[in-house]
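# Structural characterization, general
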Amino acid sequence: MNELIEKILIEPKEIQERVKELGRKISEDYQGKEVLLVCILKGAFVFLADLIRSLDIPVRVDFIACSSYGSSTESSGVVRILKDLDYPVERKHILLIEDIVDTGLTLNYILSILKERRPLSLKVCALLDKPERRIVPVNVDYLGFKIPNEFVVGYGLDFNGHYRNLPFIAVLKKEVYSQK
Ligand code: IMP
């Protein structure tokens, strides 16, 4: 698999350190409260798995799935809920866990539907942000890393369903992205 990698943007050690810092900050901010972590599938599952183990506050976890890019690296702009939450969010502190904020369309859509369900609070924690690509403004309360405008894989992020298992964040060689 290494021969398909153009460059590594973020090494495993850097990711682990940043996730621990985020965990400490979130634990401080939510001291004395219980939080429902809402993981946006599928890309955020690896980030969530590491993040919950660096939290020392009571948490519960739920999952929501939206339509994503399919086999392309460009957003269709259309967001659909494929799997809704199991728990109600009313009167709960909700922290959305996202892998990457790109155009902002996915997060904006999920935030708008969850707001209608009257949570006590609603915040966002994202591992990566590509601010250059933003179409709709979204506020990210806890951010791992800002990255340049490149399609990345690894640590849960995929291209065409592959590469989620890479322990780092990387850009693949151009020929991989041009094959469908
Ligand atoms: P947005 O709606 O354009 O902000 O896109 C958010 C979703 O697109 C993320 O949750 C990812 O699933 C996917 N995505 C955006 N950029 C990348 C990338 O560079 N690599 C892999 N997936 C991406």
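Remember, predicted model here, so these are calculated numbers, not experimental data. (Residues numbered from 1 in each chain as written. Predicted model: local features only at pLDDT ≥ 70, side-chain atom pairs only at ≥ 80, totals over all residues. Heavy atoms only, no water.)

The subject of this paragraph is the side chain of K130. Looking at the secondary structure, you find K130 in the loop between β6 (121–129) and β7 (142–146). For K130, a relative accessible area of 5% corresponds to the buried category. A polar contact is formed between the side chain of K130 and the backbone oxygen of E150, at a distance of 3.1 Å. Ignoring anything within four residues of it in the chain, the contact list for K130 reads I100, V101, D102, I147, P148, N149, E150 and F151. (Helix = DSSP H or I, 4+ residues; strand = E, 2+ residues; numbered from the N terminus. Buried < 20%, exposed > 50% of the residue type's maximum accessible area, 1.4 Å probe, protein only. Polar contact = N/O pair within 3.5 Å; in protein donor to acceptor, adjacent residues only side chain to side chain. Contact = heavy atoms within 4.5 Å.)

The interhelical angle for the contact between helix α1 (residues 12–29) and helix α2 (residues 45–52), taken along N-to-C directions, is 60 degrees, at an axis separation of 9 Å. Put simply, α1 runs oblique to α2. Crossing angle aside, the handedness with which α1 passes α2 is right-handed. Within the contact between the two elements, α1 uses Q16, V19, L22, G23 and I26 and α2 uses F47, D50 and L51. Here the contact of α1 with α2 is built from residues that sort into five nonpolar, two polar and one charged. (Axes fitted to C-alpha atoms, helices over the stretch in contact; angles between N-to-C directions. Parallel < 35°, antiparallel > 145°, perpendicular 65-115°, else oblique. Left-handed = near helix turned anticlockwise from the far one by under 90°. Nonpolar A, V, L, I, M, F, W, Y, C, P; charged D, E, K, R; others polar.)

This part covers unusual backbone geometry. The omega torsion of the bond from L41 to K42 falls at 0 degrees, within 30 degrees of zero and hence cis. Take K42: it is sitting in the loop between β2 (35–41) and α2. Phi angles above zero are rare outside glycine, and R91 is one such case at about 60 degrees. Position of R91 among the secondary structure elements: in the loop between β4 (81–83) and β5 (93–101). Judged by relative accessible area, which is 64%, R91 ranks as exposed.

What follows deals with the packing of aromatic side chains. Across all of its chains, the model carries three aromatic pairs by this definition. Measuring from ring centre to ring centre gives 6.0 Å for F151 and F159, while their planes differ by 80 degrees; the resulting arrangement is edge-to-face. This pair shows no difference in class: F151 is buried, exactly as F159 is. Clustering of aromatic rings is evident, with ring pairs tying together F151, F159 and Y177. (Phe/Tyr/Trp six-rings, centres within 6.5 Å; stacked < 30°, edge-to-face > 60°.)

Taken together, the three strands give an open sheet; going across it, the order is β1-β9-β8, and neighbouring strands pair in antiparallel fashion. Each edge of the sheet is formed by a strand with only one pairing partner; in this case those strands are β1 (5–10) and β8 (152–153). Alignment of β8 against strand β9 (residues 169–172), held across two bridges, turns out to be antiparallel. Within the sheet, the bridge partner assigned to V153 lies in β9 and is A170. (Pairing = 2+ DSSP bridges.)

The subject of this paragraph is the pattern of salt bridges. As enumerated under the stated definition, the model contains twelve salt bridges in all. Ionic pairing is found between K7 and E150, a salt bridge with its closest N-O pair at 3.1 Å. Note that K7 is positioned in strand β1 and E150 in the loop between β7 and β8, a separation of 143 residues in sequence. Accessibility expressed as a relative area gives 35% for K7, which makes it partly exposed. Residue E34 is joined to R60 by a salt bridge in which the shortest nitrogen-to-oxygen separation is 3.3 Å. (Salt bridge = Lys/Arg side-chain N within 4 Å of Asp/Glu carboxyl O.)

The quantities given are spatial measurements derived from coordinates; they are silent on function.
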